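# Geometric and topological summary
So the chains spell out like this:
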Amino acid sequence: MALRIDEQVIRGEIDNCERGRVVGRIWLVGWSDPVVLDLAGNCWRDLAGRKLEFVNPEPKGAVHQALKAEQKGKVGDITASRKVKVPDVPMEEIGEYYAAKKPFPWHWGNSLYLEWFSVLNGRVVIESANFQLNIVGEVAWEMSEKEEESQRLANEQAMVGFMDTLADAVESAEGEEDNDWDASPMSEEEADRMLHRNDILTDRINARLERESIDCDYDRIIKEEIERLSGETKEPNIEWMEEAMDVGEEELSLNMEVFGVEEHALSERARELTLQLFKAKREGQWVPDGAHEEHPAAYLVESVAKAGVKLSGALDDVDWPPSLDNCAMIIARLKRARVYLDDALTALESCREQQLIDFGSIGVVAVEVIDIAKEADSIIEELRARLKEGW
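Let us look at the structure shown here. (Residues numbered from 1 in each chain as written. Predicted model: local features only at pLDDT ≥ 70, side-chain atom pairs only at ≥ 80, totals over all residues. Heavy atoms only, no water.)

### A few points about the pairing of strand β8 (residues 122-128)
Test applied: In this scheme, a residue with accessible area under 20% of its type's maximum is buried, one over 50% is exposed, and one in between is partly exposed, where area comes from a 1.4 Å probe on protein chains only. A run of H or I in DSSP becomes a helix once it reaches four residues, and a run of E becomes a strand once it reaches two; helices and strands are each numbered from the N terminus. Note on pairing: DSSP must find at least two bridges between two strands before they are called paired.
Taking burial as the measure, the seven residues of β8 include six buried ones, the bulk of the element. Bridge analysis of strand β1 (residues 3-4) against β8 gives two bridges, and the strand direction is parallel. Within β8, the residue paired with R4 across the bridge is V125.

Okay, structure coming up:
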């Protein structure tokens, strides 16, 4: 669930003149000082390399105290070119048109859409077609079509990756606590159980955010769910639970960096395949407007993207061969990537049966998905051998 603050915005500015970084300030109703943005990533092509100022002609309401004044994290979709239907009548009159079964008058307009993933507030969104927009200053740089494809892929993966990173932080803190009393490497079964427990934690946090909406306190929810899970698991020593939020902020901050990550060849292949699929889906119009989210072609692209996130989390920035202590967790994460790759193959078969994608494209994608899956299996077997031999 996103924290939406568009109504409370008085004015603001965002600046993407530095590649790979978006900074800005947003003034809100009832706040004497602006919210400060410092985000990794880039805007869409219409705002990349530019500074945008915006003004809300009718600010109202108050922002919940859960919103933090310093917003550090990662960009989501940031653009001023989304096309939306803007009513030509007051909102209170739309209900009358609907009751009379008459279409209300409207026109197409550009909507400002600012989305980011904050270390402390999760997903935050500002969306409005009513703001006054103004590009100021010179254009610092232009984004290429290929760069935009890469940025959109990063945005698509951000939601999945954000909660994965939170789980990683909990796992990291738990691992540090475990190492104090047990010097033996974690087993594959223990790693599977740890990730399963983190899945439960992530699902519960998401459910709370959905249920409590804007009136939620992000920090409080995470701490309460960590304590709840601790009580249920009856851990004999749960200091890692209490420390998880501090570790979480540090881990999230590190993982929000977009540069300096040593990408593994297999996760790079998955990323490149996802980029190709996003482009092919858009250009080939694989998914019609209004299609269900489980449309086979959409499910195909989503599954490959999620597999790429899991592969990246397992393999990127890992010295090879990995330490014995790290083998079990890499195996557990690779097994999760394999599930998504299997889902992608199932979606491809549905696309073939329903003739949603041309046969040639299906064959090329299937071969690459199978090759990535086989390579993941090979790495899993290599690491299992390391654990068995203890070297």
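### Focus: the environment of K223
Position of K223 among the secondary structure elements: in helix α4 (residues 218-233). Judged by its relative accessible area of 44%, K223 falls in the partly exposed class. Along the sequence, K223 and I205 sit 18 residues apart, while their C-alpha atoms lie 9.6 Å from each other.

### Here's the deal with the packing of helix α6 (residues 265-283) against helix α7 (residues 296-315)
How two helices sit against one another is set out by the angle between their axes and by the gap between those axes. Counted only if it meets this: A fitted line through C-alpha atoms serves as each axis, taken over the contacting stretch for helices, and the angle formed by two N-to-C directions is quoted from 0 to 180°. An angle counts as roughly parallel when it lies under 35 degrees, as roughly antiparallel when it exceeds 145, as roughly perpendicular when it falls between 65 and 115, and as oblique in every other case. When the near helix sits turned anticlockwise from the far one by under a right angle, the crossing is termed left-handed; a clockwise turn instead gives a right-handed crossing. Pairs of residues are marked as contacts when any of their non-hydrogen atoms sit within 4.5 Å. Gly counts as polar in this scheme, as do all residues outside two lists: the nonpolar Ala, Val, Leu, Ile, Met, Phe, Trp, Tyr, Cys and Pro, and the charged Asp, Glu, Lys and Arg.
Two elements in contact, α6 and α7, have axes whose closest approach is 9 Å; the angle formed by their N-to-C orientations is 160 degrees. As the angle between them shows, α6 and α7 are arranged roughly antiparallel. Crossing of α6 over α7 shows left-handed handedness. Contacts between α6 and α7 involve L266, S267, A270, L273, T274, L277, F278 and K281 from the first element and L300, V301, V304, A305, G308, L311, S312 and L315 from the second. A breakdown of the residues in the contact of α6 with α7 according to their chemical character gives eleven nonpolar, four polar and one charged.

### Some points on the side chain of D316
Cut-off, in case you're wondering: By the counting scheme adopted, Arg and Lys are positive, Glu and Asp are negative, and His together with the chain ends is not counted. A pairing counts as a salt bridge when a side-chain nitrogen of Lys or Arg comes within 4 Å of a carboxyl oxygen of Asp or Glu. Here a polar contact is taken to be a pair of N or O atoms separated by no more than 3.5 Å, where protein atoms must pair a possible hydrogen donor with a possible acceptor and residues adjacent in sequence count only if both atoms sit in side chains.
Structurally, D316 is set in the loop between α7 and α8 (324-353). Although buried, D316 forms no salt bridge, and the nearest oppositely charged side chain, R271, lies 7.3 Å from it. A polar atom in the side chain of D316 sits 2.8 Å from the backbone nitrogen of H264. Within polar-contact distance, the side chain of D316 engages the side chain of S312 at 2.5 Å.

### Overview of the nonpolar core
Note the cut-off: For our purposes a nonpolar core is just a set of buried Ala, Val, Leu, Ile, Met, Phe, Trp, Tyr and Cys residues, chained together by side-chain atoms within 4.5 Å.
Among the nonpolar cores identified, the biggest contains 38 residues, and L277, L300, L311, L315 and L334 are the most heavily contacted of them. Going through the elements one at a time, α6, α7, α8 and α9 (359-389) are the ones with two or more residues in this core. Beyond its immediate chain neighbours, meaning those up to four positions away, L300 contacts L277, W286, A344, A347, L348, I357 and V365. Counting 25 residues, the second-largest nonpolar core is a separate cluster that includes V35, L52, L67 and V75.

### Some details on α6
Short version of the rule: Multiplying 1.5 Å by the residue count of a helix minus one yields the expected span of that helix.
The end-to-end C-alpha distance of α6, which contains 19 residues, comes to 27 Å, matching closely the 27 Å that a straight helix rising 1.5 Å per residue would cover. Within the span of α6, buried status applies to L266, S267, A270, L273, T274, L275, L277 and F278. Looking one or two residues past α6, Q285 carries a phi angle of roughly 50 degrees, positive in sign.

### Things to note about the packing of aromatic side chains
Formally: Any two of the Phe, Tyr and Trp rings considered here, Trp counted by its six-membered ring, make a pair once their centres fall within 6.5 Å; the pair's planes then place it as stacked at under 30 degrees, edge-to-face at over 60, or tilted in between. Should the NZ of a Lys or the CZ of an Arg lie within 6 Å of a ring centre and within 35 degrees of the ring normal, that charge is described as sitting over the ring.
A full pass over the atoms with the stated rule returns one aromatic pair. When the ring of F54 is compared with that of F131, the centres are 6.0 Å apart and the planes differ by 10 degrees; the resulting orientation is stacked. With F54 in strand β5 (residues 51-55) and F131 in the loop between β8 and β9 (132-136), this residue pair connects regions lying 77 residues apart in the sequence. You can call F54 buried: its relative accessible area is 1%. The lysine or arginine in question, R11, covers the ring of W27, its NZ or CZ lying 3.7 Å from the ring centre.

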